[in-house]
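Structural overview
Okay, here's what each chain looks like letter by letter:
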Amino acid sequence: MKLNFIKLAVLLVLFSSCNKQKTSDDFNKDLTQSTEAENAEALALFQQKCYACHSVITKSHNEIIAPPMIAVKKRYSMQFDNKEDFVNAVVAYASDPKAENALMIDAVNKFKPMPKQAFTTEDLTKIATYIYENKIETPEWFEEHFQQNHKNGQGMGKGMGKTPNN
């Protein structure tokens, strides 16, 4: 008799847990958590792998060794108005940076092409996606510099005509 009661109790627990269906809120919560986790991972990669050269804490344009990432985002956004093309272009350049492939001609003239790094395509894709989807930290001096030196996108390289986005 005790054995039958235990079996019945186990079956009830199994059926009650199997019958609980996920609601749309549960699915949205799962997607939000996954997105937040991916975003956090991409931000960490971005900070670890990019900020050493593309610093946001410099005091002026004269102190930088590479353009700030907000400048990169603005320039690539001018040329590529959708996520897939933007990400692919950033990944392509960062995978094999050469002057002839650069969109940021003034930056290449000032700093030379980005040194080739040992980044995986997967990490670069995460970083480029993060840059595209998120507001990027901006050095205090950047907006004034941008307005003075790049009115209407002038000096930002090839493919002018689109308004830069942040």
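Residues numbered from 1 in each chain as written. Predicted model: local features only at pLDDT ≥ 70, side-chain atom pairs only at ≥ 80, totals over all residues. Heavy atoms only, no water.

**As for the overall build of the protein chain**
In terms of regular secondary structure, the protein chain is built from seven helices and zero strands. For the protein chain, the α and β elements follow one another from N to C terminus as α-α-α-α-α-α-α. Burial analysis of the protein chain (166 residues in total) assigns 34% to the buried set. By sequence separation, contacts in the protein chain at least 24 residues apart represent 74% of the contacts at least 6 residues apart. For the protein chain, the exposed surface amounts to about 11,000 Å²; the carbon and sulfur share of it is 56%. (Helix = DSSP H or I, 4+ residues; strand = E, 2+ residues; numbered from the N terminus. Buried < 20%, exposed > 50% of the residue type's maximum accessible area, 1.4 Å probe, protein only. Contact = heavy atoms within 4.5 Å. Areas by Shrake-Rupley, 256 points an atom, 1.4 Å probe, with all protein chains shown as cover.)

**Side note on the nonpolar core**
Among the nonpolar cores identified, the biggest contains 35 residues, and Phe46, Tyr76, Ile131 and Ile136 are the most heavily contacted of them. Counting residues per element, the ones that place at least two in this core are α2 (24-50), α3 (69-79), α4 (83-95), α5 (105-111), α6 (121-133) and α7 (142-149). Here this core takes seven residues from α4, the largest share from any one element. (Core = buried A, V, L, I, M, F, W, Y, C linked by side-chain atoms within 4.5 Å.)

**Considering the state of the cysteines**
With the rule as written, the count across this model stands at zero disulfides. Here Cys50 stays free of any disulfide, with the sulfur of Cys53 as its closest cysteine sulfur at 8.9 Å. Classification of Cys50 by relative accessible area gives buried; the value is 10%. (Disulfide = S-S within 2.5 Å.)

**Some details on the confidence of the model for the protein chain**
Summing up the model confidence of the protein chain, the mean pLDDT is 76 and the portion of residues at 70 or higher is 69%. The element-level mean pLDDT for the protein chain is lowest in helix α1 (residues 2-19), coming to 45, with α4 highest at 96. For the stretch residues 7-34, pLDDT sits under 50, and the model shows four contacts to residues farther than four places along the chain or on other chains. Taken together, the stretch residues 154-166 has pLDDT below 50 and engages in 42 contacts with residues farther than four places along the chain or on a different chain. (pLDDT = per-residue confidence, 0-100.)

**Side note on α7**
All buried positions along α7 are accounted for by Phe142, His145 and Phe146. Across the axial projection of α7, the buried residues extend over an arc of 100 degrees, all falling on one side. Exposed residues pointing more than 90 degrees away from the buried face of α7 are listed as Glu144 and Gln148. In this structure, the buried side of α7 is in contact with α3. (Arc of directions from axis to C-beta.)

**Points about the layout of surface pockets**
Roughly 530 Å³ of volume is contained in the largest pocket. In this structure, the largest pocket is lined by 30 residues; those nearest its centre are His54, Ala66, Val72, Tyr93 and Met114. Breaking the lining of the largest pocket down by element, the ones donating at least two residues are α2, α3, α4, α5 and α6. (1 Å grid on protein atoms, 1.4 Å probe; cavity = no way out; pocket = protein on both sides within 12 Å on 5 of 7 lines; lining within 4 Å. Points joined across faces, edges and corners; volume = space filled by probe spheres on them.)

**Regarding the packing of aromatic side chains**
With the rule as written, the count across this model stands at seven aromatic pairs. Taking 5.7 Å as the distance between ring centres and 35 degrees as the angle between the ring planes, the aromatic pair formed by Phe142 and Phe146 counts as tilted. Note that Phe142 and Phe146 are positioned in helix α7 at a spacing of four residues, about one turn of the helix. Residue classification places Phe142 among the buried residues on the basis of a relative accessible area of 2%. Judged by relative accessible area, which is 5%, Phe146 ranks as buried. (Phe/Tyr/Trp six-rings, centres within 6.5 Å; stacked < 30°, edge-to-face > 60°.)

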